[in-house]
Amino acid sequence: MVDSKIYDAVIIGGGQSSLACAYHLRRTTLDFIILDEQKKCGGAWLKTWDSLRLFSPAEHSSLPGWPMPKHKDGFPPKDHVINYLCEYEKRYDFPVKRPVTVNSIARNKEVFKIDSSSGKISAKTIISATGTWKTPWIPQIKGRDKFKGIQVHSAHYKNPEIFKDKKVLVVGEGNSGAQILAEVSKVAKTTWATLEEPQYLPDGVDGRVLFDVATAKYKAKKEGRSFTPKNYNLKSIVMVPAVKEARKRGVLQSYGNIKGLTEDAVIFHNEAVKNFDAIIWCTGFKAATGYLKNIAKIDKNGKIKTEGTRAVNSPGLWLVGYGGWTGFASATLIGVGRSARATVKEIVQYTES
Ligand code: FAD
């Protein structure tokens, strides 16, 4: 691709955060494009496991402008989300280029020079919306490279098929860990390793309540008030139907934390040693921001110092959708609209100044 013009804004990434920004950019006169390395629309939802469902009903999972259509089962499956994101893109006719990977970005005075798999592209401003799915994180456990069984991160887990009749360790006390444990325990002999005792939300508390609690917390912080949401630790496990069903079967029991691996076994903190055929690491992600290393200082978790979504030490760069550090609830469909609106407002001011 030979593209000699200088865009007002280039969005890197084509998932939900990118689309929310594009929606607001469409309402300005700014000239922008989206570069996304996937072959298809849908962002990280294309990569998640087959049975993943939203935590909230469709009407509480919408991007700005056009609500997600309702789903008959209440909590929509991932294909419903992917269809919504694809239709959203079409509806607003966003200028998306796929598949295009951005390798790095350099700064030449006021203009960013983007080095991509489709050639060089220039921009006055950059919105980084690359999510976290590309950079799964696994803790450094002694002997991890020695273990000869299957090791898979939740980023690459699709369904329980390959674990049938095996002894499987699921590591991680978050929602991914609980949901994958619930599914794999139906076909395999599972053990759950967690750093801390898993915390559960009360039954019936789903993404809607969490969003309301997060909003109340955000408002309290803004107004300088303290806020302690009783029973609603935002990091607790949501009792989706599959996890409730696993609770009934008695599989939601943590065996504690692990401290080492051998060729075929895991050593737990209580010194117990258990043999396993496979380990599923549900241990989280880092922000996929490595490609920004020439224009911003990135910490070990992929984070860049921001005020709201604006990179503090890199004029012209914004980061949207990565989680709390780039805006409250910004890693959710319903929450990212707010970050996107504020970002585009700042970009308009920046390009006019
Ligand atoms: P992504 O969807 O990851 O999109 C980023 C895009 O950027 C991808 O297409 C990627 O390929 C592309 N990209 C990355 N690097 C480059 C590059 N260098 N060049 C070009 N393109 C690049 N959210 C909800 O709202 N509701 C839920 O119920 C919900 N449930 C969840 C359950 C689980 C178990 C998990 C793990 C997540 C859940 N989420 C939920 C969160 C949601 O999946 C993510 O937060 C969301 O996909 C992030 O969107 P994004 O657009 O920021 O990033």
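Nothing here was measured: the structure is a model prediction, and the numbers come from that model.

Student: Explain unusual backbone geometry here, please?
Tutor: Across residues other than glycine, the phi torsion is negative in most instances, and most of the peptide bonds are trans. With an omega of -20°, the peptide bond running from R98 to P99 counts as cis. Tracing the backbone shows P99 in the loop between β3 (96-97) and β4 (102-108). Unlike most non-glycine residues, D93 shows phi in positive territory, near 50°. Residue D93 is classed as exposed on the basis of its relative accessible area, which comes to 56%.

Student: I'm lost on the site of the ligand in this one. Help?
Tutor: Taken together, 30 residues lie around the ligand, and S17, D36, Q38, F55 and L333 are the ones closest in. A distance of 3.2 Å separates a nitrogen atom of the ligand from a polar atom in the backbone of E37. For the ligand, the accessible surface in isolation is 1,000 Å², of which the surrounding protein chains cover 90%. Tallied by class, the residues present in the shell around the ligand amount to 14 nonpolar, 13 polar and 3 charged.

Student: Would you mind going over the sheet that holds strand β10 (residues 258-261) with me for this structure?
Tutor: Paired through backbone hydrogen bonds, the strands of a sheet run either parallel or antiparallel to each other. Taken in spatial order, the 3 strands of this open sheet run β10-β11-β12, and their pairing is antiparallel. Strand pairing shows two members of the sheet lacking a second neighbour, β10 and β12 (273-275), which therefore form its edges. When the angles between neighbouring strand axes are averaged without regard to direction, this sheet yields 30°. Direction of pairing for β10 relative to strand β11 (residues 265-268): antiparallel, over a ladder of 3 bridges. Its bridge partner being in β11, I258 is matched across the sheet by F268.

Student: Can you help me understand the pairing of β4 in this one?
Tutor: A regular strand places its side chains on the two faces of the sheet in alternate fashion. As defined by bridge partners, β4 adjoins strand β5 (residues 111-116) across 6 bridges and the pair is classed as antiparallel. Directly across from A106, in β5, lies its bridge partner K113. Linking β4 to β5, which pair antiparallel, is a turn of 2 residues; within it K109 sits at a positive phi near 55°.

Student: Sorry if this is basic, but what is going on with the pairing of strand β1 (residues 6-12) here?
Tutor: In terms of residue burial, β1 counts as a mostly covered element, since 6 of its 7 residues are buried. Here β1 runs beside strand β6 (residues 119-128); their pairing, made up of 6 bridges, is parallel. Bridging from a neighbouring strand, A9 pairs with T125 of β6. With 4 bridges connecting them, β1 and strand β2 (residues 32-35) associate as parallel partners.

Rules used throughout
Residues numbered from 1 in each chain as written. Predicted model: local features only at pLDDT ≥ 70, side-chain atom pairs only at ≥ 80, totals over all residues. Heavy atoms only, no water. Helix = DSSP H or I, 4+ residues; strand = E, 2+ residues; numbered from the N terminus. Buried < 20%, exposed > 50% of the residue type's maximum accessible area, 1.4 Å probe, protein only. Near = heavy atom within 4 Å. Polar contact = N/O pair within 3.5 Å; in protein donor to acceptor, adjacent residues only side chain to side chain. Areas by Shrake-Rupley, 256 points an atom, 1.4 Å probe, with all protein chains shown as cover. Nonpolar A, V, L, I, M, F, W, Y, C, P; charged D, E, K, R; others polar. Pairing = 2+ DSSP bridges. Axes fitted to C-alpha atoms, helices over the stretch in contact; angles between N-to-C directions.

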